[in-house]
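Geometric and topological summary
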Amino acid sequence: MKLKILHVVATPFPANQGTAAAIRELISSLFKRGHEIHVATYYQRQDIDLPNVHIHRIPRLGRQCESFVGFTPKRPLLDLALAFKTLQVTLKVRPHVIHAHHHEGAFAAFLSRIITKIPVIYHCVTSMEEELPLFVRPRFLLQKVGKLLDVFVPRLADYCVALSYDLADSIVESGFPFEKTSYLPMIVDPSTISQGNGTKFRQRYNIANSSIVLYTGVINEFQGIDNLLKSMSIVIKEIPSTKLIVAASISNKIQIEKYKALALELGLENSVVFLEGFPLSELPHLLAVADVTVIPRERCPGFPMKLLNYMAAGKPIVAMRGSAKILEDGKNGLIVDKWEELGEKILLLIRNRELAKGLGEAGRLELDKFAPDLVAERMERIYLSLIGS
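Residues numbered from 1 in each chain as written. Predicted model: local features only at pLDDT ≥ 70, side-chain atom pairs only at ≥ 80, totals over all residues. Heavy atoms only, no water.

A separate point is the overall build of the protein. For the protein, the count of helices and strands is 15 helices and 13 strands. With respect to the principal axes defined by its C-alpha atoms, the protein has extents near 65 × 40 × 40 Å. Counting over 389 residues, the protein shows a buried share of 58%. Taking contacts inside the protein between residues at least 6 apart in sequence as the whole, the part at least 24 apart equals 68%. Carbon and sulfur atoms make up 52% of the accessible area of the protein, which totals about 17000 Å². Distance between charge centroids for the protein: 5 Å, based on 47 positive and 40 negative side chains. (Helix = DSSP H or I, 4+ residues; strand = E, 2+ residues; numbered from the N terminus. Buried < 20%, exposed > 50% of the residue type's maximum accessible area, 1.4 Å probe, protein only. Contact = heavy atoms within 4.5 Å. Areas by Shrake-Rupley, 256 points an atom, 1.4 Å probe, with all protein chains shown as cover. Lys, Arg positive; Asp, Glu negative; His and termini not counted. Charge placed at Lys NZ, Arg CZ, Asp CG, Glu CD.)

And the structure:
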């Protein structure tokens, strides 16, 4: 059965950052299964091709079309506009189901659910109790507000999907029906990641003979870049030729300058390469050049997309425990609790190439459960169950 599905995406889209990338993968996989896909989203976007998808954007609010992550003062206004855009598209397209991503997406879709009675799925990607205090202060107050949102928002939908077991358990513990809650992992297509060529990249940055440690993603404060830089001081002390590449998928000049200053303070000014706003097309080549990949974030209430990208490229990973998720220490990655351990484990993988290769290969094998068509099929079954009911 061919379905018309309206995705409500409360983030700049498409964009080269975690959640937006995961949504793009899911949408592409659903289209390949023969469904008609519509997306209601913000006006911000990056130049990423997404053919065969009908994208409906809210009007531009302000002069700039900047991408962002997390909360901004303008976001409530964006979400209000998204609610009316979602209703407009729903009345015009009459989708079989509305798939709302993020807490804000669930709020935006609720108006359409009330008026049209079309079923809504809430796709939970994070815990607001943990994430909201990262962007707004006072933290103790916003943590309480976030906890209330975590309980309230699932009730705006007919069904909840969570991208981690922890989030699914939290939704059920909040009182939402177990039978209407599912864990559905993020997906990545390894074929789009594993075809990179690192030779030209090494030549471009004159790092042909250096061991490369790679971080990709946004560089907001909560990502732990300060921990990563401090850990690299341990690595550089032992192997001075090592280079750290910090590839920021979204430009953030304030944070870049902050971390450049920290690198200078640590004596790493010649050992760190900052790439600002690197395009998605560069990601396979960045991954191909890496000897070790890292996730320095201490707490991650959702699921870091970079983890799947690293695994798809067959790269050894060192991750802080709060971001390790599907990693098993010593089996398909290395898990650490402190920045000192992060530096020591990076050193271990640079020195022990056989261990690094084995961990990378094990990580790539783990990706079978995240196969795009498999996850899209499970999502399709959820859609059909809602339509049937």
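To continue, consider helix H3 (residues 102-116). The terminal C-alpha atoms of H3 lie 21 Å apart, and with 15 residues this matches the ideal 21 Å at 1.5 Å per residue to within 8%. Bending of H3 peaks at approximately 30° at the position of Ala109. What H3 keeps buried is the set His102, His103, Glu104, Gly105, Ala106, Ala108, Ala109, Ser112, Arg113 and Thr116. Lys117, located one to two residues past H3, shows a positive phi value of around 65°. (Expected span 1.5 Å × (residues − 1). Bend = angle between axes of the 7 residues up to and from the residue.)

Another aspect to go through is the pattern of salt bridges. Under the defined criterion, the tally for this structure stands at eleven salt bridges. A salt bridge links Asp158 to Arg113, with the nearest nitrogen and oxygen atoms 3.0 Å apart. Taken together, the positions of Asp158 in the loop between helix H5 (139-152) and strand S6 (159-162) and Arg113 in helix H3 put the pair 45 residues apart, joining distant regions of the chain. Among the salt bridges present, the one from Glu276 reaches Lys253, with a minimum N-O distance of 3.7 Å. Within this pair, whereas Glu276 is found in strand S10 (residues 272-276), its partner Lys253 is found in helix H9 (residues 253-265), the two being separated by 23 residues in sequence. The exposure class of Glu276 is partly exposed, given its relative accessible area of 32%. We classify Lys253 as exposed; its relative accessible area is 59%. Salt bridges linked by common partners bring Arg33, Asp373 and Glu380 together as one network. (Salt bridge = Lys/Arg side-chain N within 4 Å of Asp/Glu carboxyl O.)

This part takes up the side chain of Ser174. Structurally, Ser174 is set in the loop between helix H6 (165-173) and strand S7 (181-183). One polar contact links the side chain of Ser174 to the main-chain carbonyl oxygen of Ile171, over a distance of 2.6 Å. (Polar contact = N/O pair within 3.5 Å; in protein donor to acceptor, adjacent residues only side chain to side chain.)

With that out of the way, let us pick up the packing of helix H1 (residues 18-32) against helix H15 (residues 372-388). Direction vectors running N to C along H1 and H15 enclose 75°, while the axes themselves pass 9 Å from each other. By the angle between their directions, the pair H1 and H15 is classed as roughly perpendicular. Residues Leu26, Ser29 and Leu30 of H1 form the contact with H15, whose participating residues are Pro372, Ala376, Met379 and Tyr383. Its residues assigned to classes, the contact of H1 with H15 comprises six nonpolar, one polar and no charged. (Axes fitted to C-alpha atoms, helices over the stretch in contact; angles between N-to-C directions. Parallel < 35°, antiparallel > 145°, perpendicular 65-115°, else oblique. Nonpolar A, V, L, I, M, F, W, Y, C, P; charged D, E, K, R; others polar.)

The six strands lie next to each other as S10-S9-S8-S11-S12-S13, forming an open sheet whose pairing is parallel. Every other strand in the sheet has two partners, leaving S10 and strand S13 (334-336) as the edge strands with one partner each. Strand-to-strand twist of the sheet, defined as the mean angle between neighbouring strand axes without regard to direction, takes the value 20°. With five bridges joining them, strand S9 (residues 243-248) and S10 adopt parallel strand pairing. Among the inter-strand pairings, Ile245 is bridged to a residue of S10, identified as Val273. On the sheet, helix H13 (residues 339-351) packs against strand S8 (212-217), strand S11 (292-295), strand S12 (317-320) and S13 and is oriented at approximately 160° with respect to S13. (Pairing = 2+ DSSP bridges.)

Any two packed helices are characterised by how steeply their axes cross, that is the angle between the axes, and by the distance between the axes. Contact geometry of H13 with helix H14 (residues 353-366) gives a least axis separation of 5 Å together with a crossing angle of 100°. Viewed along their axes, H13 and H14 adopt a mutual orientation that is roughly perpendicular. In this structure, H13 uses Leu348, Leu349, Ile350 and Arg351 to contact H14, whose residues at the interface are Arg353, Leu355, Ala356 and Leu359.

Before going further, it helps to examine the sheet that holds S7. Spatial strand order, S3-S2-S1-S4-S5-S6-S7: seven strands in an open sheet with parallel pairing. Each edge of the open sheet is held by one strand with a lone partner, namely strand S3 (54-57) and S7. Averaged over all neighbouring strand pairs, the angle between strand axes comes to 20°, with direction disregarded. Where strand S5 (residues 120-124) and S6 come together, four bridges link them in parallel fashion. For Tyr122, the partnering residue across the bridge sits in S6 and is Cys160. Seen against the sheet, helix H2 (residues 75-93) touches strand S1 (4-9), strand S2 (36-41), S3 and strand S4 (97-101) and runs at an angle of roughly 175° to S1. In the packing of H3 onto the sheet, contacts are made with S1, S4 and S5, and the angle to S4 comes to roughly 150°.

On to the nonpolar core. In terms of nonpolar packing, the biggest core is built from 103 residues, with Met232, Ile245, Val294, Leu308, Val318 and Ile346 touching the most fellow members. When residues no more than four places from it in sequence are discounted, the contact partners of Leu308 are Met186, Ile187, Val188, Phe303, Ile326, Leu367 and Phe370. (Core = buried A, V, L, I, M, F, W, Y, C linked by side-chain atoms within 4.5 Å.)

Let us look at the side chain of Ser323. On the secondary structure map, Ser323 appears in helix H12 (residues 321-324). At 2.7 Å, the side chain of Ser323 and the backbone oxygen of Arg297 are in polar contact. For Ser323, the residues in contact, after removing those within four places along its chain, are Ile295, Arg297, Glu298, Cys300, Pro304 and Leu307.

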